[in-house]
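So you can see what is in the structure, the chains are spelled out below.
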Amino acid sequence: MASSSSTAAPQVYGADEVNAVVLDPGSFSTSVGYAGYDCPSMVFPSHYGEVVDGKGEKKRLFNDSFLHTSRENMKIKPILKNNIIIDWDGAVDQYNYMFKQMGVNPEDQPLMLTESTMNSYKNKEKALEVFLEQENYCAFYAVKQPTCVAFAHGKATCLVVDIGHDLITVTPVVDGFCLRNQVIGTNYAGAFLDQQLKQFLEDKNIDIVPQYRVKSKNTMYWENKESKPQFETKHYDYKIDNSVDEFSKLRVFQEMKETVLSCSLDDQAEKVPDADKDKMDVDYDEQRYFELPNGLNVPFTDAEANKIANSLFRPSDVLGNGIVKGWEEPHIGNIIETIGTADDKSSKLYVPLRRTKRPEEEEKEKDKDSNVDAKASNGADGSGKVKSEPCGLTKLVQTVLERIDIDWKPQLANNIIVTGSTSLIPELNKRLYEELSILNPSMKIRIQSVGNTVERKYSTWIGGSILASLGTFHQLWVSQAEYKEIGADRLIVNRFR
Amino acid sequence: MSMASDILDVLNVNKETRNEHQQKKKKKHIIHFEESANKRKKIGAMNRELANLMGPNLAPINITHHQPNKKFKDRLTDLQTIQPSWTSTPFTNGSRSDGLQLKHWVKGKLDLLESKKPYIYEKYNTSLDIPDFTEDDYKKLLKDINPDWSYKETKYLFDMAKRYDLRWAVIIDSYEYVPDEDEITVKKEDQNKVDDKEKSKDDEKKETKTYTPRTVEDLKDQLYKVSSKLLNSKKEDGVVKDVALIKALDSFDKNKEIERKKYLNRLLHRAPTEIAEEESLVIEARKFELAAKKMLMERAQLLQLLDSPQSSAPILQFLTSSGLTQLYNTLMTVDKSKKRKTEAPVAPQLGPNAIPYTQQLAKQQAVQQQAQAHKQQQQQGGSAAAGANGHHGDKKSQKQQQHQQQKPQSEILKLLQSRLTPEEMEVYGIKFHEDKVQAGVYLRSQKIVTFKPAVQSKVVEILNELGISMRLTMPTGAVCGKFDKLMHRIASLVDLKKQTDKIEAEVTLMKRQKGML
C-alpha cells in the first residue's frame, strides 16, 4: 500500500476519482456514498423489516420511516451483529436498494466495503462472491475499519478506539495496517448502555411505549412509582411483532444517550448524592428530564446519568450491584476469541495461532518478569481460568499499549483516536485521557477525536472515501478478472487478511 | 520626473520640443491622466523608478496582463472557447496485471486524449529489493546460520517481508507459520547427523518440544543474516556489491536488540516519583553547570586582573603628564567596564573643604598606608609574594585606620558627654555613628536596611504575618534601631530555616538511600 506511507510528499495532489462506491456497514447504521465526498450520501439502520404477505411471499423494507411505523406481519431483523454481517440475503437486498437510489452502475464503478478486523473467512468469501459475481461490480476491495478511521484522521500510525453500538474495539494501526491479532475489545458499548437505561426505567416502573402506538399525549412528570403517563394509545387490529417494538425503543434509547448521559471524572462524585437520595431531598437543578414518546418526563439526576455513562470505564460497578441482562458474563477484552473468528480455518495457508492473551494473565507474567516483551512470552496459553474483572475502556487501551512492541508504544500513545457514536458522551475523552495519563506517567498521551459530530459518527466511511479516491489506491482493487484467475481463497489470504 | 528629464538632457532633447510633444498628446492623455496617476501610486518602489524613466511619454499601449477594459460578455465568450471540456475516459493502471479499466475525468476532448501516457500514479508503485533464494541456495549457504530455521519457514519469512515491505510490527502480527510434522522430524535427523552421538540425546529432548513462537528479534536476525549471506555470495566480476549494506546487515545483534528494548521498557515504566526525581536532578545538574561556568568566568577575570599589564607599547608616551592622565583614564574605563561589586556610595566631592573631617583623615591614612605597602613590596621583591603581602598590609592598615578613626570621635563624645546626660542626648536625638555616615540630609526611614530581593520578600512576608508594616509610622531613632534589629533577626532566621530545610532534606534522602540498600 504505497499510499499509506507516512512520508508521502504533502504537496502532491493524490486524488483521482473513479466514482467508487463506499459501503460501511456498522452495528447500528450502514452508510453508503460516493468516494471523495465528505460524508455518506445515505445512512440506513442496520436492520430491515420483513413483511410476509398473504401468499407467503417475503418483502423487505429498509427505509427508516417504514421501520418506525408498524405494519401487519412485519418483523424487524438485524443485518449485522458485532460488526459482522450475519444476514447476507437481507444485507444484499439493502445494499441494492441503496445503490439503486444512488444510481450506481456496477460495471463502471468499483465498490469498497469496510470490514471488521474480526471478519470471518466465510464472510470475506461471501463478500467477494456477492459483489464480484452476483452484483457484477467491476472491482471490489475490502478495507479494515480501523485503517479507514486512521485515514480519516490523517494518521498512518495510531491507536483506534472505536466505541460503537455493539462493541468497543481497540486496534493498533501501523503504517495503515491493522495489527489484527493485537485487537482487543469488549461488548460494553452502546447496547450495554441501552440495557442499563432499560433497567433504570424498569426500576422506576416505567414502560416505554413506541412512538407509533401513541395517538395523543399530555406532558407528565414522573415523581414516584405510581406516576402514570397520560396518553391515548393507537390501536391496531393486527398483532405487532416484538422486534418492531424493540427497534422503536432503540431510537428512544439513542436519543436518551445523546441527551442525558455524561461521564464524570471520578467515581466519587456519583456516589455521594446516592446516599442522600433516601432523604428524598433531590436537588431539582441537578435533574434533567427526558420525555418518552408517551409524554412522560423521566428525571435523571446527574449522578444517575454519570453512573450509567461511567460504566463504560468501570463495568464492574454496575455489574456488581444489579446484573445487566445479557452482560452477566464478565468480558475481559479477548474479543477475537469471543466473536470466534480466531478458530476460523480458512485454508491450508491460513492457520492462525491463538495469540491473544487475557489482561490478567498479562499481569501475572508481568509480575514474574516485568521486562519480558509481551509478544515474546505468549506461548503459554490460559491454563487456569480465574474469575476476572470485566474490562473497562481505559484498561482496554492500556492493555493494548502494554502488549505492543516497545518501539511503537510512544507513537501510538501519542496518537490515540477515539471515534464511534458512543464516544460522543460528554467528558468521555477527558476521563480517558486523565486515567491513561495516571497509568503512563512517562509517556505523552494525546487523544484525538474530531469535534464534528458527523465526522465522529461516520469517520470509518470518510476514511474509506478518502482511500477509494486516491490515485495510488487504484492498483489495489480486486477486479473480476483477478478474482477469476486467482480465486477467493488466495485473494483472502494475500490481500484481505 | 527628474530622472526622465536628466535623460532627456543627456539626449539633447530641448524643452520646447518636449513640450510640443506633450501638448500634442495631452488631449489624448487627459482621459488617461487620472488613471495613470492612480496607477503610479500603486506601483512599488522599484517600479516607480522605472516608471519615472518613462517620463511624460506614456506608452502607446497599455502594458498589462489582465484586460480590465474588456467587456464582461467578451470575457465570457473567451472562457467558452478557452476552457477545455472534461471527458470521462477509461484508463488502465500499469501496475496492475489484469488490465482493469476504470473511468476518471480528464481535462480535454476525447479525440485529443488518444495519446497513451502511463498512468500518473504508477510511479508510486515501488517495492523493496529483498534478495531471493532457492532451496538449493538454502541448503548450500544458509542452513547453518540458524539451525532451528527450516527452508520453508525462511521462505515464508521472506514472503512476509516482501508483502509488508519490512514493516516489522505488521509482520510479527500476522506471522502465523506452522511447521509441518515432517519438518520437525527432518530437522531431527539432520541434527543427529551433524552432532556428536553424546549430544544427540539432548537434542532429541529439545526436538520433542513444541515449536516456540518467534519474536521480532528472531525474525529480524534470520532475515538480516540470510540477506547478508546472499548478497555476499552474489559476486559480479569477483567483487561483492553493496558492501555498505552488508556491513549494516551484519551489525544487527539480536541480544543487543533485546537488551535495548529492555532498557526502553524500563524507561517507560518509571514511577511518577522517579520521573520527578530525575527531573529535579536534571535541573540541579544544570544549575551546577551554570555555576561552574560562572566560576570559570570569574576565575578568568581574576587571572586577567592579576596579570601584569603587558608593556608592549613604548613607555615614552606615558612620561608626560598628559600621557599619564590618558593612561589613568583608560585604566579607569577598563575598570568600570568590568563589573565589580558596587562600592559604598561616596559623597560628592565639592572641594577639599567639603569633606568631613573624619573622611579627610581617613584619606590621609590610606595614602600613608599605600606608601607603606609600596615600600614593603619593594623590600620583599618577588612578584609572587607581592600579592599575599599586599593583603596582609591591607588588613593591618584597616585595623590602624579603625583605631585612628575612633580617636576624633571619642574626642567629640567626651565633649558632649561632659555637657549632656545620656537622657538628654536621647531627647535631643544626638547619636554617634560607629560607621561612616553619608553626607547630606536624609530621613531615617530611608536608611532602613534592605536585603537581597529573595530574602527581602520573605522578610516582608514575615513582617506582614506579625502585623508590622514596612513603613514605620513613627520612625524615631530608637524605633528605627529596633526595627533594624528585628529585620536582621528575621533575615538570619529565614536563612537558618533555609539551611535546616536543606539539611533535613539531605538527611531524609540519605536515610532513604540507606533504607533502599
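Residues numbered from 1 in each chain as written. Chains lettered and ligands numbered in written order. Predicted model: local features only at pLDDT ≥ 70, side-chain atom pairs only at ≥ 80, totals over all residues. Heavy atoms only, no water.

Student: Which parts of the structure should I look at to understand the overall build of chain A?
Tutor: Helices and strands together make up the secondary structure of chain A, namely 18 helices and 22 strands. In chain A, the share of contacts with a sequence separation of at least 24, taken over all contacts with a separation of at least 6, comes to 72%. For chain A, the accessible area works out to roughly 21,300 Å², and carbon and sulfur atoms hold 47% of it. (Helix = DSSP H or I, 4+ residues; strand = E, 2+ residues; numbered from the N terminus. Contact = heavy atoms within 4.5 Å. Areas by Shrake-Rupley, 256 points an atom, 1.4 Å probe, with all protein chains shown as cover.)

Student: When you look at the pattern of salt bridges in this model, what are you seeing that I'm missing?
Tutor: Two side chains with opposite charge may pair up if their charged atoms get near one another. Evaluation of the coordinates by the stated rule reveals 31 salt bridges over all chains. Across the salt bridge formed by arginine 260 of chain B and aspartate 407 of chain A, the nearest N and O atoms sit 2.9 Å from each other. With arginine 260 of chain B in helix α12 (residues 254-268) and aspartate 407 of chain A in the loop between α12 (393-403) and α13 (409-414), this residue pair bridges two chains. Arginine 260 of chain B sits in the partly exposed class, given a relative accessible area of 33%. Taking relative accessible area as the criterion, aspartate 407 of chain A reaches 31% and is therefore assigned partly exposed. Between arginine 495 of chain A and glutamate 482 of chain A there is a salt bridge, with its nearest N and O atoms 2.9 Å apart. Separated by 13 residues along the polypeptide, arginine 495 of chain A in the segment after α18 (488-494) and glutamate 482 of chain A in helix α17 (residues 480-486) bring together distant segments of the chain. On the basis of relative accessible area, arginine 495 of chain A is assigned to the partly exposed category, the value being 25%. (Salt bridge = Lys/Arg side-chain N within 4 Å of Asp/Glu carboxyl O. Buried < 20%, exposed > 50% of the residue type's maximum accessible area, 1.4 Å probe, protein only.)

Student: Explain the confidence of the model for chain B here, please?
Tutor: Should pLDDT be low for a region, the predicted coordinates there are not to be read in detail. All names here are of chain B. Model confidence for chain B is summarised by a mean pLDDT of 73, while 65% of its residues fall at 70 or above. For chain B, per-element mean pLDDT is lowest for helix α9 (residues 197-208), which scores 43, and highest for helix α13 (residues 272-306), which scores 91. Note on residues 347-352: pLDDT is under 50 here. Beyond four places in sequence and across chains, it has four contacts. Of the regions scoring below 50 in pLDDT, residues 382-393 engages in three contacts with residues more than four places distant in sequence or in other chains. For this predicted complex, the interface score ipTM comes out at 0.78, alongside a pTM of 0.64. (pLDDT = per-residue confidence, 0-100.)

Student: Which parts of the structure should I look at to understand the packing of aromatic side chains?
Tutor: Aromatic rings in a pair are described by how distant their centres are and how their planes are angled relative to each other. The final tally for this structure, using the stated rule, is 28 aromatic pairs over all chains. Residues phenylalanine 62 of chain A and tyrosine 97 of chain A carry aromatic rings whose centres are separated by 5.4 Å and whose planes lie at 40 degrees to one another, so their mutual orientation is tilted. One end of the pair, phenylalanine 62 of chain A, is in the loop between β5 (58-61) and α1 (64-67); the other, tyrosine 97 of chain A, is in helix α2 (residues 88-102), and 35 residues separate them in sequence. The exposure class assigned to phenylalanine 62 of chain A is buried, which follows from its relative accessible area of 5%. Centre to centre, the rings of tryptophan 168 of chain B and tyrosine 224 of chain B are 6.0 Å apart; their planes meet at 85 degrees, and the pair counts as edge-to-face. In this pair, tryptophan 168 of chain B is assigned in helix α7 (residues 168-174) and tyrosine 224 of chain B in helix α10 (residues 216-233), connecting sequence segments 56 residues apart. By the ring-pair criterion, three or more aromatic residues cluster together here, those being Tyr95, Phe99, Phe131, Tyr137, Phe140, Tyr141, Phe473, Trp477 and Phe496 of chain A. Positioned above the aromatic ring of phenylalanine 66 of chain A, the side-chain terminus of arginine 71 of chain A is 4.9 Å from the ring centre. Directly above the ring of phenylalanine 133 of chain B sits lysine 155 of chain B, whose terminal nitrogen or CZ lies 5.0 Å from the centroid. (Phe/Tyr/Trp six-rings, centres within 6.5 Å; stacked < 30°, edge-to-face > 60°. Lys NZ or Arg CZ within 6 Å of the ring centre and 35° of its normal.)

Student: Please clarify how the pairing of strand β1 (residues 21-25) of chain A should be interpreted in this entry.
Tutor: The two faces of the sheet receive side chains in turn, since in a regular strand these alternate between them. Residues and elements named next belong to chain A. Most of β1 sits inside the fold, with five of its five residues counted as buried. Residue alternation in β1 divides its side chains into two sets, Val21, Leu23 and Pro25 and Val22 and Asp24, and both sets are buried. Two elements, β1 and strand β2 (residues 29-34), share five bridges in a ladder whose sense is antiparallel. Counterpart to valine 21 in the pairing with β2 is tyrosine 34. Between β1 and β2, which pair antiparallel one after the other, the connecting turn spans three residues. (Pairing = 2+ DSSP bridges.)

Student: In this structure, what is going on with the nonpolar core? I would like to understand it.
Tutor: Note on soluble globular proteins: their nonpolar side chains tend to be buried together. By size, the foremost hydrophobic cluster in this structure holds 82 residues, and its most contacted members are Met256, Val397, Ile416 and Leu428 of chain A together with Tyr175 of chain B. In terms of residues, this core owes the most to one element, α10 of chain B, which gives seven residues. Split by domain, the residues of this core number at least three in each of domain 2 (163-187 + 334-449) and domain 3 (191-315) of chain A. Setting aside its immediate chain neighbours within four residues, methionine 256 of chain A contacts Leu197, Leu201, Leu261, Phe290, Leu292 and Phe300 of chain A. Counting residues in hydrophobic clusters, the runner-up holds 61 residues, among them Ala91, Val104, Phe473 and Leu476 of chain A. (Core = buried A, V, L, I, M, F, W, Y, C linked by side-chain atoms within 4.5 Å. Domains from an automatic or database assignment.)

Student: Honestly, the interface of chain A and chain B in this entry has me stumped. Any pointers?
Tutor: Interfaces are often sized by the accessible area lost when the parts come together. With 56 residues of chain A in contact, the opposing surface of chain B contributes 43 residues. Across the chain A/chain B interface, buried area totals approximately 4,200 Å², and carbon plus sulfur atoms make up 51% of it. On inspection of chain A and its partner chain B, the count reaches seven salt bridges. Across the pair aspartate 108 of chain A and lysine 103 of chain B runs a salt bridge whose closest N-O atoms are separated by 3.2 Å. Between chain A and chain B we count 19 residue pairs in polar contact (both at pLDDT 80 or more) in total. Of all elements in the fold, only β13 (177-178), α13, β22 (478-479), α17 and α18 of chain A reach the threshold of two or more residues within the side of chain A that touches chain B. The residue inventory of the side of chain A that touches chain B, partitioned by class, reads 28 nonpolar, 16 polar and twelve charged. (Buried area = accessible area lost by both parts, 1.4 Å probe. Polar contact = N/O pair within 3.5 Å; in protein donor to acceptor, adjacent residues only side chain to side chain. Nonpolar A, V, L, I, M, F, W, Y, C, P; charged D, E, K, R; others polar.)

Student: Explain the packing of helix α5 (residues 190-203) of chain A against helix α8 (residues 302-310) of chain A here, please?
Tutor: Geometry of a packed helix pair, given as the angle between the helix axes and the separation of the axes. All names here are of chain A. In the contact formed by α5 and α8, the axes pass within 9 Å of each other and the chain directions differ by 145 degrees. For the pair α5 and α8, the sense of crossing is right-handed. Contacts between α5 and α8 involve Leu193, Gln196, Leu197 and Phe200 from the former and Glu304, Ile308 and Ala309 from the latter. (Axes fitted to C-alpha atoms, helices over the stretch in contact; angles between N-to-C directions. Left-handed = near helix turned anticlockwise from the far one by under 90°.)

Student: Help me out: how do you make sense of the environment of serine 88 of chain B in this one?
Tutor: Residue and element names in this part refer to chain B. Mapped onto the secondary structure, serine 88 falls in strand β1 (residues 86-92). Sequence-wise, serine 88 and histidine 104 are 16 residues apart; in three dimensions their C-alpha atoms are separated by 5.3 Å. Beyond its immediate stretch of four places on either side in the chain, serine 88 contacts Lys103, His104 and Trp105.

Student: Before we go on, may I ask you to explain α2 of chain A in this structure?
Tutor: Think of an α-helix as 3.6 residues a turn; residues three or four steps apart then line up on the same face. All names here are of chain A. Helix length check: α2, at 15 residues, gives a terminal C-alpha distance of 21 Å against a target of 21 Å (1.5 Å per residue), a fit within 8%. Along α2, the residues that are buried comprise Trp88, Gly90, Ala91, Val92, Gln94, Tyr95, Met98, Phe99 and Met102. Glycine 103 occupies a position one or two residues after α2 and carries a positive phi of about 75 degrees. (Expected span 1.5 Å × (residues − 1).)

Student: Hey, could you run me through unusual backbone geometry in this one?
Tutor: The phi angle of most residues is negative, glycine excepted, and most peptide bonds adopt the trans form. Residue and element names in this part refer to chain A. At asparagine 83, a position not held by glycine, the phi torsion is positive, near 70 degrees. As for its placement among the helices and strands, asparagine 83 is situated in the loop between β7 (80-81) and β8 (84-85). In this model, asparagine 205 sits at a positive phi of 60 degrees, which is unusual for a non-glycine residue. Looking at the element boundaries, asparagine 205 is found in the loop between α5 and β15 (214-218).

Student: Please clarify how α12 of chain B should be interpreted in this entry.
Tutor: Residues and elements named next belong to chain B. When the terminal C-alpha atoms of α12 are compared, their 21 Å separation across 15 residues agrees well with the 21 Å that a helix rising 1.5 Å per residue should span. Buried within α12 are the following residues: Glu257, Lys261, Asn265 and Leu268. Mapping the buried residues of α12 onto a view down its axis gives an arc of 80 degrees, with all of them on the same face. Exposed side chains of α12 directed beyond 90 degrees from the buried face belong to Asn255 and Lys256. Capping the start of α12 is the job of one residue whose side-chain oxygen sits 3.0 Å from the backbone nitrogen of asparagine 255: aspartate 253. (Arc of directions from axis to C-beta.)

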